[in-house]
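# Chains, contacts and geometry: an overview
What follows is each chain in one-letter form.
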Amino acid sequence: MDKDFVLWPEQASTLASRVDNIYLFLVAVSVFFTALIFFLIYLFAVKYRRKSEDDVPKEISGLLQLELVWSIIPLILVLIVFVWGATIYFDSYTPPADAMEIYVVGKQWMWHIQHPTGEREINELHVPTGQAVKLTMTSEDVIHSFYVPAFRTKKDVVPGRYSTMWFKAIKPGEYHLFCAEYCGTKHSEMIGKVVVMTPADYQNWLAGGPASEPMEVTGEKKFQQLACHTCHTDKPNARGPSLVGVFGESVLLKGGRSVIADEDYIRESILNPKAKITAGYQPVMPTFKGQISEVGLLQITAYLKSLAKEGNQ
Amino acid sequence: MSEATAVKEHISHEHHGFMNTYIFSLDHKMIGKQFLLLGLIMLLLGGGLALLVRWQLAYPEQPLPLIGASQHYLETGEAETAMDSYWDSELSKTEDEQGWLVQKMPVGIITPAFYNALFTMHATIMVFFVVMPILVGAFGNYLIPLMIGTRDMAFPLLNMLSFWIAVVSGAIMLAGFFVPGGHAATGWTGYPPLSTDPAWTGVDWGQNLWCISLIVLGISSLMGSINYITTIINMRAPGMTYMRMPMVIWALFIVAILLLLALPVLTAALAMLVFDRLAGTTFFNPAGGGDPLLWQHLFWFFGHPEVYILILPGMGITSEILPVFSRKPIFGYKAMVLAMASLAFLSWIVWGHHMFQSGMNPSMGMTFMITTMVIAVPSAIKTFNWLGTLWGGSIRFTVPMLNSLAFVSMFVIGGLSGIFMASSAVDIFIHDTYYIVAHIHYVVFGGSIFAIFAGVYYWFPKMFGRMMNEPLAKVHFWLSFIAFNCTFFPMHILGVGGHMRRIYNPMQYEFLQQFEHMNIFITMSAFALGLTQLILLFNVFHSMFRGKKAGDNPWNANTLEWTAATPPPHGNFDAIPTVHHAPYEYSAPGISEDWLSQTNELQPTNGNGH
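Residues numbered from 1 in each chain as written. Chains lettered and ligands numbered in written order. Predicted model: local features only at pLDDT ≥ 70, side-chain atom pairs only at ≥ 80, totals over all residues. Heavy atoms only, no water.

Helices and strands together make up the secondary structure of chain B, namely 20 helices and zero strands. If you line up chain B on its principal axes, its C-alpha atoms span 80 × 60 × 50 Å. Residue burial in chain B is summarised as follows: out of 610 residues, 66% are buried. The long-range share in chain B, meaning contacts at least 24 apart out of those at least 6 apart in sequence, stands at 77%. Roughly 20,000 Å² of accessible area belongs to chain B as shown, and the carbon and sulfur atoms make up 68% of that amount. The averaged location of the 33 negative side-chain charges in chain B is 15 Å from the averaged location of its 23 positive side-chain charges. (Helix = DSSP H or I, 4+ residues; strand = E, 2+ residues; numbered from the N terminus. Buried < 20%, exposed > 50% of the residue type's maximum accessible area, 1.4 Å probe, protein only. Contact = heavy atoms within 4.5 Å. Areas by Shrake-Rupley, 256 points an atom, 1.4 Å probe, with all protein chains shown as cover. Lys, Arg positive; Asp, Glu negative; His and termini not counted. Charge placed at Lys NZ, Arg CZ, Asp CG, Glu CD.)

See the structure below:
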């Protein structure tokens, strides 16, 4: 076997050691039970091997106490694993409030990454250490899955909706990024890397690239280009509702329901405007399907998010 | 209708002629054997596909042995061997004129598109055309009437149709290999949108035929399960109460109920997929307001009960064989039945554990997590009760017994590795890696296939009236057991190392290059495992004609099939037997022999005979 053989990928995120701990606990439990059962099979095989043709064993058809023991002990063990695993699961699902946002669009067979500050990357993601990073992801075609083994994290990237994942990298270095969900003929060539840098190096990297326009600025331009502003004018009797301060807030819909204005809601309102109509407005908005890419949608969303911040101030 | 006329009428449909005896037979025993033959032929094919997959993983993009071009040809372009000249002439043709082989593997190198079809079809064939036909179709048909003491299935015609519809389905599935664009290449899980639009994979009619074949197969399975359920409820011999039914009959009964409820869900999902592909609907297409995750919910709502459809008959077979060769009753009969019933129930409420990383709300995820964890309890009951059956026994290490012990041990490993997946935090890391591949093969090969071996060796004397060759069978068992573990155990290590499944060339990934030797080792073991199965096939067909004649009850077993003549005539029994005992009265006190047939009127001295 190779000299530098490693049993599993290095631990490069805050989550990694927690996942590995519960994994190792499960390995220990499994080895214990496997050894116990194999030992018993071996022991019985040797001890109770038929000695002669008239060898008649005692008839034992069951023993309730024993059966209870081997029902209750596994139950307790799995409950421990459940509580422990569920805690990690919850934490891995919920990004911290101060997480930095980055957007990812997957397509056959590449990753397109867009930083809020405007930098775009293909099959590479640069992030700083010690900073929680939240990825908002979608796909242009089929289901992909964003998988960084060293971070012990993976999330499917599904067309038609946004999925999120987060991580906090702890060690500078280059880590492999793969698509884990089989996505067609060249699935195995969908390879990228995550470059983790110290915060200082990261700032240099941001500054070093070609001058780029923040996502919200690009988004605002798209907003103008598509003439969104002609209806969403922020004036009292406009045809469309004002979008200032909307993002992240609850929107009252026609019919009395309300909905939180998140990324998915905005995406739907642009592509399928008649699905959810804001109370007090007419269903007059046309669909923009085919006129805007997934990246464009994310840019407009970033612009609306910036309006929300202004609105709250 | 009196019993006597019913028998006469039944026996009178033992028409003569080759067609009615061997092809369109209505006899449950012949239909069982037909399913066995279908399963064994498909096993060769499905196994062959797996070996091609393994070749590519160990020696990526290198020509296959025997049929591939020589190194000399690849380097210089000069044909050296006969195969070289073949490839040379094929490659010089235009694309339309090229043969099938050169499109799938030019110069013997598997193309990415063909590789994707290979792993898709390996799983599809193994699950739907090998394990289900053999465990459910063959053993279900052969054993149910014999073991509950009746002359045939409730609906013999439906039974015959069920087999022939399965053959039609198989033919449709195999036709997919030969249509333009190649066979389905979206994995056996067929996730949309990949499976909804030919644009994503280049596969068109392959995927359509895949859907249609499985819809047709669903009809066949539905017919079988209706038949099993009706037969078991209505046609048990006098005295054969539910709690005196052999464990394998319980298992098949529960499986039939699972099939009846689960398959329509798959059929509905497949129909929606066909509509999406051919009629322009958008059930699973987000562009038209559909949702690709809907398919995952439907598929796994069927898919998880399906896994239990594959393993429960194996548990039943093992529970049949362990008491016979330990000469002891099964340990905790009632708990064993309850454990199977609770496994079947739980299988309906765990499907979400296949989708932890698909992005479900964690509150939902936690529900699936706890229901999945609880599966450990009935599984532990089964395992330890099997050990309890061995405890204090008088164990004979016959070939069926060895295979059953292998089943128990491999089920332990496959079951424990399942807990890793139930724990979502770990699952998210190992999902879609070789860890999953290891787990499913420990359950379906280590479990189901070893149970198939055990069942074939155990019931072969009754089916064909001859014993199988024991030394050969032992060689087959040990080689299979060792090669199986060498093939699949290292996959756990690959998976935790981050080796994803369904990748064409692992060497493209820098950090997977360290696994090259392990992949080669796995591939060699897989070829050994595949070749070993030729011993089994030889043994089956050789013993069928040349084996030692078997008596009616070669294993001194209690259950009803052993009271019938060997091989059982049409109609099975001279007179319908009356059942006096539970099925596992071995070594009962006060009985001179160490077994007590279910039809024997003698009562043991402790009154345990029920």
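Text resumes after the structure shown.
We now examine the pairing of strand β9 (residues 173-179) of chain A. Residue and element names in this part refer to chain A. In this structure, strand β6 (residues 144-148) lies alongside β9, joined through two bridges in antiparallel fashion. The residue bridging Phe146 from the neighbouring strand is Cys179, located in β9. Direction of pairing for β9 relative to strand β10 (residues 191-197): antiparallel, over a ladder of six bridges. Considered in β10, the bridge of Phe178 is made with Ile191. (Pairing = 2+ DSSP bridges.)

Another point: the packing of helix α12 (residues 292-326) of chain B against helix α18 (residues 434-464) of chain B. Residues and elements named next belong to chain B. Look at α12 against α18: their axes get within 9 Å of each other, and the N-to-C directions meet at 45°. It follows from the interaxial angle that α12 and α18 lie oblique. The element α12 and its partner α18 pack so that their crossing is left-handed. Contacts from Leu310, Ile311, Gly314, Ile317, Glu320, Ile321, Val324 and Phe325 of α12 reach α18 at Val443, Val444, Gly447, Ser448, Ala451, Ala454, Gly455, Tyr458 and Trp459. (Axes fitted to C-alpha atoms, helices over the stretch in contact; angles between N-to-C directions. Parallel < 35°, antiparallel > 145°, perpendicular 65-115°, else oblique. Left-handed = near helix turned anticlockwise from the far one by under 90°.)

So, on to the sheet that holds strand β5 (residues 132-139) of chain A. Residue and element names in this part refer to chain A. On the basis of which strands lie adjacent, the open sheet formed by five strands has the order β3-β2-β1-β5-β8 and mixed pairing. With one partner strand each, in any of the chains shown, β3 (120-122) and β8 (163-168) form the two edges of the open sheet. Within this sheet the neighbouring strands show an average axis-to-axis angle of 25°, counted without direction. The pairing of strand β1 (residues 100-107) with β5 spans seven bridges and is parallel. In the sheet register, Met100 faces β5, and the bridge partner there is Val133.

A separate point is the environment of Asn237 of chain A. All names here are of chain A. Checked against the element boundaries, Asn237 lands in the loop between α4 (215-225) and β11 (250-252). Given a relative accessible area of 72%, Asn237 falls into the exposed group. Each C-alpha atom, one on Asn237 and one on Tyr281, is 9.8 Å from the other, the two residues being 44 residues apart in sequence.

Between chain B and chain A, the residue contacts involve 103 residues of the former and 81 residues of the latter. Taking both partners together, chain B and chain A bury about 8,000 Å²; carbon and sulfur atoms supply 69% of that area. The largest per-residue losses of area from chain B upon contact with chain A belong to Phe384, Phe429 and Gln514 of chain B, which jointly make up 8% of the total buried on that side. Between the two partners, chain B and chain A, sit two salt bridges. Among the ionic pairs, Asp594 of chain B bridges to Arg50 of chain A, the shortest N-O distance being 3.3 Å. Linking chain B to chain A there are 19 residue pairs in polar contact (both at pLDDT 80 or more). (Buried area = accessible area lost by both parts, 1.4 Å probe. Salt bridge = Lys/Arg side-chain N within 4 Å of Asp/Glu carboxyl O. Polar contact = N/O pair within 3.5 Å; in protein donor to acceptor, adjacent residues only side chain to side chain.)

This part takes up the nonpolar core. Leu135, Phe146 and Phe151 of chain A together with Phe128 and Leu312 of chain B are the most contacted members of the largest nonpolar core, which has 266 residues in total. In terms of residue count, the dominant contributor to this core is helix α7 (residues 112-148) of chain B (26 residues). Those residues within four positions of Phe128 of chain B in sequence are excluded, and the remaining contacts are Pro133, Trp188, Leu214, Leu217, Leu266 and Phe302 of chain B. Counting 28 residues, the second largest nonpolar core, distinct from the first, contains Val105, Leu271, Leu304 and Leu307 of chain A. (Core = buried A, V, L, I, M, F, W, Y, C linked by side-chain atoms within 4.5 Å.)

The next point concerns a nonpolar patch on the surface. Residue and element names in this part refer to chain A. Taken together, the side chains of Leu64, Leu68, Ile72, Ile76 and Ile80 make up a nonpolar region of the molecular surface, amounting to roughly 480 Å² of accessible area. Secondary-structure assignment places Ile80 in helix α2 (residues 64-93). Among the residues examined, Ile80 registers a relative accessible area of 43% and is labelled partly exposed. (Patch = residues over 30% accessible without salt bridge, like charges linked within 9 Å, V, L, I, M, F, W, Y side chains within 5 Å.)

In this section: helix α5 (residues 263-271) of chain A. Burial analysis of α5 of chain A places seven of its nine residues in the buried class, which makes it a mostly covered element. Within the span of α5 of chain A, buried status applies to Glu263, Tyr265, Ile266, Arg267, Ser269, Ile270 and Leu271 of chain A.

Let's shift gears to the domain arrangement of chain A. All names here are of chain A. Entries for chain A in the domain assignment read domain 1 (100-208) and domain 2 (215-311). With 18 residues of domain 1 at the contact, the number on the domain 2 side is eleven residues. Taken as a group, Tyr103, Gln114 and Tyr162 account for 48% of the area that domain 1 buries against domain 2, more than any other trio of residues on that side. At the junction of domain 1 and domain 2, the tally comes to one salt bridge. Here Lys305 makes a salt bridge to Glu101, at a shortest N to O gap of 3.0 Å. Applying the counting criterion to the domain 1 and domain 2 interface returns five residue pairs in polar contact (both at pLDDT 80 or more). (Domains from an automatic or database assignment.)

Turning our eyes to something else, we now look at the side chain of Lys155 of chain A. For Lys155 of chain A, the position within the fold is in strand β7 (residues 153-157). No salt bridge is formed by the buried Lys155 of chain A, whose closest oppositely charged neighbour, Asp156 of chain A, lies at an N-O distance of 8.7 Å. If we skip the residues at most four places from it in the chain, Lys155 of chain A touches Tyr93, Met137, His144, Ser145, Phe146, Ser163, Thr164 and Met165 of chain A together with Gln357 and Gly359 of chain B.

With that settled, the discussion passes to the side chain of Thr371 of chain B. Residues and elements named next belong to chain B. Summarising the element assignment, Thr371 is placed in helix α14 (residues 362-374). Thr371 sits in the buried class, given a relative accessible area of 13%. Apart from residues no more than four positions distant in its own chain, Thr371 is found in contact with Leu346, Ile349 and Val350.

It is worth spelling out unusual backbone geometry at this point. Cis peptide bonds are those with omega within 30 degrees of zero, and the linkage from Gln108 of chain A to Trp109 of chain A qualifies with -5°. Note on placement: Trp109 of chain A falls in the loop between β1 and β2 (110-114). Here the residue pair Pro192 of chain B and Pro193 of chain B is connected by a cis peptide bond, since its omega of 0° sits within 30 degrees of zero. Secondary-structure assignment places Pro193 of chain B in the loop between α8 (156-175) and α9 (198-201). Positive phi values are uncommon outside glycine, yet Glu61 of chain B reaches one of about 55°.

Moving on, we come to the packing of aromatic side chains. All names here are of chain B. Across all of its chains, the model carries 67 aromatic pairs over all chains by this definition. Seen in terms of ring centroids, Phe445 and Phe488 are 6.1 Å apart; in terms of plane orientation they differ by 45°. Their pairing is tilted. With Phe445 in helix α18 and Phe488 in helix α19 (residues 470-496), this pair connects stretches of sequence that are 43 residues apart. Phe488 matches Phe445 in its accessibility class, with the two residues each being buried. Ring centres of Phe450 and Phe484 lie 5.7 Å apart, and the angle between their planes is 85°; on these two criteria the pair is classed as edge-to-face. You can see Phe450 sitting in helix α18 and its partner Phe484 sitting in helix α19, a full 34 residues away along the chain. Residue Phe450 is classed as buried on the basis of its relative accessible area of 0%. If you follow Arg236 out to its NZ or CZ, it ends over the ring of Tyr242, 3.8 Å from the centre. (Phe/Tyr/Trp six-rings, centres within 6.5 Å; stacked < 30°, edge-to-face > 60°. Lys NZ or Arg CZ within 6 Å of the ring centre and 35° of its normal.)

Before going further, it helps to examine the environment of Arg267 of chain A. Residues and elements named next belong to chain A. When you line up the elements, Arg267 lands in helix α5. Assessed through its relative accessible area of 10%, Arg267 is described here as buried. Separated by 33 residues in the primary sequence, Arg267 and Ile300 have C-alpha atoms spaced 9.2 Å apart. Other than its neighbours up to four places away in sequence, Arg267 contacts Gly160, Arg161, Tyr162, Glu294 and Leu297.

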